[in-house]
Amino acid sequence: AGPDPPAAMAARILHRLRHALAGEGGREEPAGGGGGEAEDCPESSELEDDTEGLSTRLSGTLSFTSHEDEEGEEEGDGASEELEEPPQAPGAAAGTEDGGRCWGGELGGTRVTPGTLMRRWRPAARQILLTRQLQELWRRSRGSLAPQRLLFEVTSASVVSERSSKYVLYTIYLIRSGQFDKAPATIARRYSDFEQLNRRLRCRFSCDMASVAFPRKRLRRNFTAETIAKRSRAFEQFLSHLHSIDEIRRSPEFLEFFFLPDLQAAQRLTCTGMYREALATWANAYRLQDRLGVCSSGRFLLTLAGLAVCHQELDQLSEAHGCCEQALQLLEAQGSHPLLGPFLQAHVHLAWKVGKDKRRSEAWLQDLREAGLPLQQQPSLKECLIKEPLE
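Residues numbered from 1 in each chain as written. Predicted model: local features only at pLDDT ≥ 70, side-chain atom pairs only at ≥ 80, totals over all residues. Heavy atoms only, no water.

- Under an unreviewed UniProt entry, the chain has the name SNX21 protein and belongs to Vidua chalybeata.

Listed below in structure tokens is the structure:
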């Protein structure tokens with residue numbers, strides 16, 4: 001007796017899916033597993049600065065190709081495939097016990113095979129999975145084999161002319177591999193910014209930086225499309241190489257290169273009452289710190305304070321309350337902090353405004369009073385933002 005019709009149909013669909021994915025991804029995974037091996041991620045690949053590369057601008061995005069890396073560029077350089085996540089069919093996430101996540105080529109602890117899929121969904125009126133659902137599950141099982149990493153992609157480069165200078169401004173997206181970010185984390189930097197970062201890191205990490213290449217200066221032809229494209233590619237590889245080195249990735253010099261300019265700009269905008277513009281800048285600083293994995297630092301708490309103040313000034317009280325709650329969750333693990341009193345007082349006020357429970361914050365404030373903290377002399381969150389030195 002052969003397999004029942006639903007299982008046979010699922011097997012045929014999965015067989016066609018494998019062939020489709022093999023043509024899309026360049027090679028097909030063996031059907032029998034290999035779930036414990038991760039794909040190689042060339043984070044420390046050798047940097048190409050001025051010898052190869054041509055550019056074309058496609059829909060506002062720089063695209064880099066050369067004769068040698070034309071075939072493998074999509075996997076090694078960018079995140080063009082990873083930036084787009086296929087739309088999820090209705091009910092696709094409801095068929096697994098853990099929301100559809102697949103780890104090590106397995107689904108809910110079971111090896112993913114056509115028979116397994118049909119047995120798992122057979123109680124639900126024996127419905128057949130659509131091709132898009134099977135494709136999504138197969139993509140997730142394949143994608144989980146690759147380690148999560150941060151990608152740096154130069155999406156545009158523009159020539160800026162000022163009264164006494166002319167330079168190229170590079171816009172860079174920070175992208176988490178294998179995930180789709182609805183709101184991107186971006187920075188805009190010029191060659192001199194990268195050069196300053198390179199000098200600071202070489203002074204502190206001379207041994208680690210010995211293998212890191214940096215694009216050399218040019219005396220002429222700095223504003224040609226070819227030079228801009230080559231430097232864009234070089235900066236992507238430079239940042240990826242730095243991020244692959246543990247000591248450098250955690251260093252203040254590397255981290256503040258990304259989010260400190262946004263914090264400084266957001267602070268100035270908040271002090272001058274430009275709250276809407278400041279809110280967008282605080283939000284980008286938040287995303288940058290989130291991508292870099294520094295969501296428990298003092299800078300991140302200051303970012304939450306800036307978001308709370310701007311949301312409150314713009315009468316977005318629920319969002320401001322949420323920022324205070326997130327900050328208090330971080331502060332609960334840290335203990336005493338200069339921003340604890342201001343966040344607690346702001347949380348109590350906002351909770352009263354939006355009708356949320358404020359008893360826990362009030363009890364926390366009472367504990368601080370009994371411990372001798374002069375809460376009447378505590379500055380507000382806005383005053384903390386104005387007085388905080390950001391250098």
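1. Points about the nonpolar core
Phase 1 of the analysis: Counting 73 residues, the largest nonpolar core has Leu239 and Phe343 as its most contacted members.
Phase 2 of the analysis: Mapping this core onto the domain boundaries places at least three of its residues in each of domain 1 (148-250) and domain 2 (258-390).
Phase 3 of the analysis: Sequence-distant contacts of Phe343, that is, excluding residues within four places in its chain, are made with Leu301, Leu304, Ala305, Cys324, Ala327, Leu328, Leu331 and Leu381. (Core = buried A, V, L, I, M, F, W, Y, C linked by side-chain atoms within 4.5 Å. Buried < 20%, exposed > 50% of the residue type's maximum accessible area, 1.4 Å probe, protein only. Domains from an automatic or database assignment. Contact = heavy atoms within 4.5 Å.)

2. Topic: the pairing of strand β7 (residues 166-176)
Put simply, side chains in a regular strand alternate between the two faces of the sheet.
Phase 1 of the analysis: In terms of strand pairing, strand β6 (residues 150-161) meets β7 through 11 bridges, oriented antiparallel. Note on β7: the bridge partner recorded for Ala157 is Tyr170.
Phase 2 of the analysis: With antiparallel pairing between neighbouring strands as the criterion, β6 and β7 make up a hairpin whose turn holds 4 residues.
Phase 3 of the analysis: Summarising the sheet, β7 and strand β8 (residues 185-190) pair through 6 bridges and their orientation is antiparallel. What sits directly across from Leu174, in β8, is Ala185. (Pairing = 2+ DSSP bridges. Helix = DSSP H or I, 4+ residues; strand = E, 2+ residues; numbered from the N terminus.)

3. Observations regarding the sheet that holds β6
Phase 1 of the analysis: Sheet architecture is open: 3 strands sit in the order β6-β7-β8, paired in antiparallel fashion. The open sheet is flanked by β6 and β8, the only strands paired with a single partner. Each neighbouring strand pair of the sheet contributes to a mean axis angle of 25°, computed without reference to strand direction.
Phase 2 of the analysis: Here helix α5 (residues 191-204) sits on the sheet and contacts β7 and β8; the angle it forms with β8, its principal contact strand, is near 95°.
Phase 3 of the analysis: Strands β6, β7 and β8 of the sheet are contacted by helix α9 (residues 275-292), whose axis makes an angle of about 95° with β8. (Axes fitted to C-alpha atoms, helices over the stretch in contact; angles between N-to-C directions.)

4. Remarks on the pattern of salt bridges
Phase 1 of the analysis: The full count for this structure, using the stated rule, is 12 salt bridges.
Phase 2 of the analysis: The salt bridge partner of Arg204 is Glu253, with a shortest N-O separation of 2.7 Å. Here Arg204, found in helix α5, pairs with Glu253, found in helix α8 (residues 252-271); they are 49 residues apart in sequence, far enough to count as distant.
Phase 3 of the analysis: Residue Glu253 is classed as buried on the basis of its relative accessible area, which comes to 14%.
Phase 4 of the analysis: Salt-bridge contacts for Glu256 lead to Arg299; the nearest nitrogen and oxygen are separated by 3.4 Å. Of this pair, Glu256 sits in helix α8 while Arg299 is found in helix α10 (residues 298-313), placing the two residues 43 residues apart along the sequence. (Salt bridge = Lys/Arg side-chain N within 4 Å of Asp/Glu carboxyl O.)

5. What about the confidence of the model for the chain?
Phase 1 of the analysis: The predicted model of the chain averages 75 in pLDDT, with 64% of residues at 70 or higher.
Phase 2 of the analysis: Contacts of residues 25-127 to residues separated by more than four positions or lying in other chains number 181 contacts, the stretch itself having pLDDT below 50.
Phase 3 of the analysis: Counted against residues more than four places away or in other chains, residues 142-147, with its pLDDT under 50, gives 19 contacts. (pLDDT = per-residue confidence, 0-100.)

6. Observations concerning the packing of aromatic side chains
Phase 1 of the analysis: Within this structure, the stated rule accounts for 11 aromatic pairs.
Phase 2 of the analysis: Here the aromatic rings of Phe257 and Phe258 are separated by 5.2 Å at their centres, their planes lie at 85°, and the arrangement is edge-to-face. The same class applies to Phe257 and to Phe258, which are both buried.
Phase 3 of the analysis: Between Tyr286 and Phe300, the aromatic rings sit 5.0 Å apart at their centres with planes inclined by 40°, giving tilted as the arrangement. Residue Tyr286 is found in helix α9, and its partner Phe300 is found in helix α10; the two are separated by 14 residues along the sequence. (Phe/Tyr/Trp six-rings, centres within 6.5 Å; stacked < 30°, edge-to-face > 60°.)

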